[in-house]
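Overview (structure and organization)
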Amino acid sequence: MEQSDKEAADEPDRMPLNAGGAGYGSVAGSGVSGRVGDSESGPLLIPETEPEPFQQWRPMTKDELQVAAGGPGWRKVRRYLVLLFWLAWMAMLATSIAIVMLSPRPIATPLKWWQKSLFYQPQAEGSGGVNALCEQLPYLRSLGIGALILEGLFDKKASPLNLNATGERFGTLPQILHVLAESNKADLKVVLNVCGVDLLGAQGVAGDADETSNLTAHHALRFWLEQGVAGFAICDTDAAYSEKTLLEWKGVFKEFSSEDEERIVVVKQTGDILPPLKNSSQCNVTLVDMVMRSILPTSQHLLSPEEVADAIETHLQTREEDIWPSWTVGGNASHDLKELLLVLMMTLPGSPAVQYDEDIDPRQNVSLKVGSSHGDANKPSATHTEQEKKKAVALFTSLSHSRAREEALQFGSFTFLPFNTSTNFSSSSNSTLPSPSSPPILAFLRSWGCVQFLVLLNVGPEVHSLDPAWAPSLPKAGVFVTNTRLDRLGSTTLDTLEVQPREAIVIKLFETGSYS
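Let me sum up the structure you'll find in this document. (Residues numbered from 1 in each chain as written. Predicted model: local features only at pLDDT ≥ 70, side-chain atom pairs only at ≥ 80, totals over all residues. Heavy atoms only, no water.)

Section: the overall build of the protein
Formally: Working definition: helices are DSSP H or I runs of at least four residues, strands are E runs of at least two. Numbering for both runs from the N terminus. Relative accessibility under 20% of the residue-type maximum defines a buried residue, over 50% an exposed one, and the middle range a partly exposed one, all with a 1.4 Å probe and only protein chains included. Only the protein chains shown count as covering a residue, and every accessible area follows the Shrake-Rupley method with a 1.4 Å probe.
Tallying secondary structure elements over the protein gives 15 helices and 17 strands in all. Relative to its full complement of 516 residues, the protein shows a buried share of 44%. When the accessible surface of the protein is summed, it comes to about 28300 Å², and 55% of that surface belongs to carbon and sulfur atoms.

Structural data, given as structure tokens:
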């Protein structure tokens, strides 16, 4: 046994019997046979190749680049593609310019200062009132007021040819001149209301005034124009409301007028329609710059909601386009319609003329009226709180500033939206059905280009919701601009809108999904 082990150790190079088998001393897949003689010819190890020497990068030459790009022909193709791109771009630009130039668009109407202004008729009793008014002028200007109409300056019982004879309401002549000077500092125009003052004397009632009377009146006009007065307001029942007189006045006004400081004639309309000028068959629109009209008719009794709605609808349907209008409230309406009438007056075409309102008087905490001077029917039964006063100022400011910045509210087109209450509006689910005598909801549209403002007025005592079939051509979505309750913010849809009693709403319309 020991001898056998020794023999095995002495023969280390003896090959095993299966040395030629696959996987042992042979290269797989090399085709080497398992025979002993053939196994010696197959490599047992693959020698490692020497790494190639490092080659430094260099840019391709022009010829090499052309060869890589497919030859010199590609350069021409690229040139043609660049040229085609620029030609297409220029064609699209030219088409866009042509579309912009040829598309119909509204032309902005240049407005005179009185067409853009918000007029305010203040109260000032005696010297104390005049001094207080002077202190309020910067505050009034901040509210968006652009011009004042001063009434009661002249004593109607004094000599009709003496315009310098002041009345008791505004104090002495120096105090009136002080008001004019302070108004000029506050950037406020001033119009003197001489309605009811017989400027031409008794002879002007039956016919034209004599030469002496006219010369004296012209001298008085020049005196006030030199003090910076922007114009005069007369009534359509005055003797001065004649073609001859106004032609002479216009001649005097030209001496003090400029393109931005034109002096104007305002006529207060006392009836339903403006009568023709005296001694003339028509109203010469070149002689009258602005006509002041009342929304509500003169009445000794408190107007019912139905009467108020009828008066508003009459004005909305029959509008005169010849002379620029100025709107006051007038009439006798209940106090809870005050804010609604203010919204109406500020959104109608023309220049609003707001009469004294203690809600925007910083000295007062008691609310009075927007525009009526007939009796005490508009006075509230209780003193307003400071919060209610702030609310009134906020509504006034919101309306005045919206009108100042929105072209549609300044000179945009006006469209009355008539409808049948029973078919276009439905009662709220939480209220009873509208009574047959309930006043209708009134609505109109102010448009300029793509901008549209919808104004809704609910004069009645019931809640109404808009019917989806009402005015199908209007956009169904919008954003609240303001409302009388000052409790509506953000976007809305007409299909879900409910108009509360005595509420007025101003909505800026837009297509659904276009507002951000």
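Back to the text.
A look at the nonpolar core
Here is the rule: Take the buried Ala, Val, Leu, Ile, Met, Phe, Trp, Tyr and Cys residues and link them wherever side-chain atoms come within 4.5 Å; each set so joined is a nonpolar core. How far each domain reaches was decided by an automatic or database domain assignment. Here, residues are in contact when the closest pair of their heavy atoms is within 4.5 Å.
Counting 100 residues, the largest nonpolar core has Phe232, Trp249 and Ile312 as its most contacted members. Residue contributions to this core peak at seven residues, all from helix α12 (residues 338–347). Looking at this core, you find at least three residues from each of domain 1 (113–201 + 212–275 + 285–360 + 387–407) and domain 2 (438–510). When near neighbours in sequence (up to four residues on either side) are disregarded, Ile312 contacts Ile295, Leu340, Leu341, Leu344, Leu442, Leu457 and Val459.

Re the packing of α12 against helix α13 (residues 386–405)
Put simply, the rule reads: Axes here refer to lines fitted to C-alpha atoms; in helices the fit is confined to the stretch in contact. Angles between the N-to-C directions go from 0 to 180 degrees. Convention used here: angles under 35 degrees read as roughly parallel, angles over 145 as roughly antiparallel, angles from 65 to 115 as roughly perpendicular, and any remaining angle as oblique. In this classification, Asp, Glu, Lys and Arg are treated as charged, Ala, Val, Leu, Ile, Met, Phe, Trp, Tyr, Cys and Pro as nonpolar, and every other residue, Gly included, as polar.
Interhelical geometry of α12 versus α13 gives an angle of 10° and a closest axis separation of 10 Å. The angle between the axes of α12 and α13 places the two elements in the roughly parallel class. Side by side, α12 and α13 meet where Glu339, Leu342, Val343 and Met346 of the first sit next to Leu395, Phe396, Leu399, Ser400 and Arg403 of the second. Residue classes in the contact of α12 with α13 are distributed as six nonpolar, one polar and two charged.

What to know about helix α7 (residues 173–185)
Spelled out, the test is: What a helix is expected to span follows from its residue count: subtract one and scale by 1.5 Å. Starting at the helix axis, one direction is taken to each C-beta atom, and the arc is that of these directions.
Look at α7: 19 Å from first C-alpha to last across 13 residues, which is about the 18 Å you get at 1.5 Å a residue. Within α7, burial applies to Gln175, Ile176, Val179, Leu180 and Ser183. Buried residues of α7, viewed axially, fall in a sector of 145°; they line one side. Residues Pro174, Asn184 and Lys185 are exposed on α7 and point more than 90 degrees away from its buried face. Of the residues one or two after α7, Asp187 is the one with positive phi, at around 65°.

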